[in-house]
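# Structural overview
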2 protein chains.
Amino acid sequence: MVFTLIKEDRETGARAGRVATPHGIFHTPAFMPVGTYGAVKTLSPDDLKVLGAEIILSNTYHLFLRPGPDLIKDLGGLHRFMMWKGPILTDSGGFQVYSLSSLRRVTDEGVIFRSHLDGGTLHILTPEKVIEIQEALGSDIVTCLDECIPYPATREEAERAVERTTSWAKRCRVAFKGEGQALFGIVQGGMFRDLRERSAMELMEIGFDGYAIGGLSVGEDEGTRNRVLDDLVPLLPPESPRYLMGIGRPEDIVEAVARGVDMFDCVLPTRNGRNGMLFTSYGRLVIKNAIYRRDERPVDEECGCYTCRNFSRAYLRHLYTIGEPLGIRLNTIHNLYYYLRLMERIREAIEKGRFAEFRREFYSRREGLSETETKGGEGVV
Amino acid sequence: MVFTLIKEDRETGARAGRVATPHGIFHTPAFMPVGTYGAVKTLSPDDLKVLGAEIILSNTYHLFLRPGPDLIKDLGGLHRFMMWKGPILTDSGGFQVYSLSSLRRVTDEGVIFRSHLDGGTLHILTPEKVIEIQEALGSDIVTCLDECIPYPATREEAERAVERTTSWAKRCRVAFKGEGQALFGIVQGGMFRDLRERSAMELMEIGFDGYAIGGLSVGEDEGTRNRVLDDLVPLLPPESPRYLMGIGRPEDIVEAVARGVDMFDCVLPTRNGRNGMLFTSYGRLVIKNAIYRRDERPVDEECGCYTCRNFSRAYLRHLYTIGEPLGIRLNTIHNLYYYLRLMERIREAIEKGRFAEFRREFYSRREGLSETETKGGEGVV
């Protein structure tokens, strides 16, 4: 993997770059659609290509349980299995163990948990094991096992998690063969400035191809998160990509880009697509609202996605009402288009040296809109 | 609507033709994918176009309940609402009233029923009403309200249904404005040869653009159904298309084509796609079977559909197992491709004067396979 910095913003920490992987190039700041089980829900690889997705994320935890890494390896790896020919990043599965499994015990050795599927089978993930799984999957970017902590957490909990995360990162580094794959370390440390710094320094000491920031968007407010990023990101090596895990809303991404983050993933565009909440340039639109029953307009008149070029709000509302999977697909296409186009506009703005201006415009268009307010007769929230 | 006969088979009743409608041409024998609620489940209009669908069917009963014909009319008609630019045939809703609604009462006036959705609201469909609804939808081919009877039915029941169907057909003919739409009558008469003849004669007396054959595939065996077709079809005017409603399996279609039927619709390819049962040139394949867990082959090595050109049985089985809608879409694409390609091969064979040969080959490839048998290690049923 080769990361090339193309441009750094003068007013903010924003930067534009390019990452070359064995499965092609992706441009940063990048958004990675989430393909949990080896499929971005409802979308084919062709859909993703048309949308302009350059890299996707897939979940090690889920693929470990179904269909299993051995099967995917035997069938030629994850790229071939799902027929996605571009780059893939896999997470380590650690976060899902914490958020999904019914019983878990963290020891220095690794994490023991019961599958969230049958609730019975016991599994263990160790640093060596998550590397082995991700090598079987054949993803382009592999991530280390880390220890996630609840929020809020005590300093003692956060410190122990940093120590364990560093120790596991060392073991991952040793186990990792590096044949055509890159390895990212994950910074932990909760909301404690010095622990974040310690975690980053220890990981940089080991040395990774990129640095992921874990343990955010766990319940903290935006101010707290931005402060963590303000303090942490400048410590990370400028020559490596920085990946903010599991974040976030469009505004979260704009803010993190301004602080120097290069890569993002989030289930919001896909999950909200399934729930009928659509992202637009002027805020969010809840397609099931009765107000759209006879609305001939597209979701966003400024949007160029397949959904907006063809279908009315009335038709999308109808599909939502009858529970038609085509509706979920059309919503997902729209939302991912919105996210991917947002990243494109962010990159353009950075490259043209006008990111700060872009950021102001981004907010001014949404002025007066909040997630819980409805604006006039628009049903936009 | 203009129907042009291109070729008649010498050995069988099979014929190839072409139907011109305001929304384009479709070739016969034709299969119409079923888009119940204004969407062929999981497929976009682009998917249907790529598959080579030339005409689709939509259900008046369902669209009457949701979102309602007034709404669709206000939004520019069904073609524009769902963005399908080709021909559409709508059924009259009669069959769904019989098969879905919880309470119904048939009088000479029409059918009173409770919606299957809320089980409470009372609705009435009269011959005039179903024409009005289909005119609001703007379909290219409109069908008359008919009375469907259970199977088996007494001679008395079948006779009364024929009388009512004729009386309703007259009222439909009177109510029908014919602005850019064609009207099909529906032949009833159960399994009684003389009643089928009477029904056909009475409808031909009224005069329609095409003749649908209703009340088959209701539980009768293949021999009985083929006998009804053998007796009935030669009575129908050769210059009009003949449409066998709701049928059927590939073999049912081949047999009905041999007896002179021109148009078909059936939920089998779409419904079976959702259930993971896939049609192939050598029989049926149940994708959820464990035997496909590691099977790298496409569903049908001879198939040129998007699904078979890209994905393994193992991947489709995985998608089925995790309940991923992409799997349903890929299965539906495969099954509809199979049906539409079958119709293409049937048309080619008729045009080249070798339909009888085609029919023999069709069966010889499936030799030894039945719907309930598994062949060797293939898991084909």
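Residues numbered from 1 in each chain as written. Chains lettered and ligands numbered in written order. Predicted model: local features only at pLDDT ≥ 70, side-chain atom pairs only at ≥ 80, totals over all residues.

## Re the pairing of strand E8 (residues 111-114) of chain A
For a regular strand, side chains alternate in direction, first toward one face of the sheet and then toward the other. All names here are of chain A. Residues Val111 and Phe113 line the buried face of E8, whereas the alternating positions Ile112 and Arg114 sit on a face that is not buried. With three bridges connecting them, strand E7 (residues 104-106) and E8 associate as antiparallel partners. Bridge pairing links Arg104 to Phe113 in E8. What sits between the antiparallel neighbours E7 and E8 is a turn of four residues. With four bridges connecting them, E8 and strand E9 (residues 122-125) associate as antiparallel partners. Considered in E9, the bridge of Val111 is made with Leu125. (Buried ≥ 20, exposed ≤ 12 C-beta atoms within 10 Å, placed from the backbone. Helix = DSSP H or I, 4+ residues; strand = E, 2+ residues; numbered from the N terminus. Pairing = 2+ DSSP bridges.)

## Looking at the nonpolar core
Ranked by internal contacts, the top residues of the largest apolar core, which has 210 residues, are Phe184(A) and Phe184(B). Residue contacts for Phe184(A): discarding those within four places in its chain leaves Ile141(A), Thr143(A), Cys144(A), Phe208(A), Asp209(A), Gly210(A), Tyr211(A), Ala212(A) and Tyr243(A). (Core = buried A, V, L, I, M, F, W, Y, C linked by C-beta atoms within 7 Å. Contact = placed C-beta atoms within 7 Å.)

## Some words on the interface of chain B and chain A
Each partner contributes residues to the interface: chain B has 31 residues there, and chain A has 31 residues. Within the residue set of the side of chain B that touches chain A, elements represented by two or more residues are helix H3 (69-74), helix H4 (78-82), helix H13 (313-322) and helix H14 (325-351) of chain B. At six residues, H13(B) tops the list of elements feeding residues into the side of chain B that touches chain A. Class assignment of the residues belonging to the side of chain B that touches chain A gives a composition of 17 nonpolar, seven polar and seven charged. (Nonpolar A, V, L, I, M, F, W, Y, C, P; charged D, E, K, R; others polar.)

## Section: the relation of the copies chain B and chain A
Mapping chain B onto chain A calls for a screw motion: a turn of 180 degrees about the axis and a shift of 0.0 Å along it, with 0.0 Å RMSD after fitting. Taken together, the rotation and translation relating the two chain copies correspond to the operation of a two-fold axis. Looking at the rotation axis and the C-alpha trace of chain B, the residue lying nearest is Pro325(B), at 3.4 Å. (Least-squares fit on C-alpha atoms with pLDDT ≥ 70 in both.)

## Some points on the domain arrangement of chain A
Accessible area lost during the coming together of the parts is what is often quoted as the interface size. All names here are of chain A. Once the domains are mapped, chain A shows domain 1 (30-265) and domain 2 (272-378). On a C-alpha basis, the centres of domain 1 and domain 2 stand 28 Å from each other. Each partner contributes residues to the interface: domain 1 has 14 residues there, and domain 2 has 16 residues. Mapped by element, the contributors of at least two residues to the side of domain 1 that touches domain 2 are strand E4 (30-32), helix H1 (45-51) and helix H10 (250-258). When residues of the side of domain 1 that touches domain 2 are assigned to their parent elements, the largest contribution, four residues, is made by H10. In the side of domain 1 that touches domain 2, the residues fall into 10 nonpolar, two polar and two charged. (Domains from an automatic or database assignment.)

## A short note on unusual backbone geometry
Geometrically, the link from Tyr151(A) to Pro152(A) is a cis peptide bond, its omega value of -5 degrees lying close to zero. Of note, Pro152(A) is situated in the loop between strand E10 (141-143) and helix H7 (155-175). Between Arg66(B) and Pro67(B) the backbone carries a cis peptide bond, its omega angle lying at 0 degrees. Tracing the chain through its elements places Pro67(B) in the loop between helix H2 (60-65) and H3. Its identity as a non-glycine residue notwithstanding, Met83(A) has a phi of 65 degrees, on the positive side. As for its placement among the helices and strands, Met83(A) is situated in the loop between helix H4 (78-82) and strand E6 (88-90). Judged by the 16 C-beta atoms lying within 10 Å of it, Met83(A) is partly exposed. The backbone of Ser217(A) shows a phi angle near 60 degrees, a positive value even though the residue is not glycine. Topologically, Ser217(A) is positioned in the loop between strand E12 (210-213) and helix H9 (222-232). When the 17 C-beta atoms within 10 Å are taken as the criterion, Ser217(A) is described as partly exposed.

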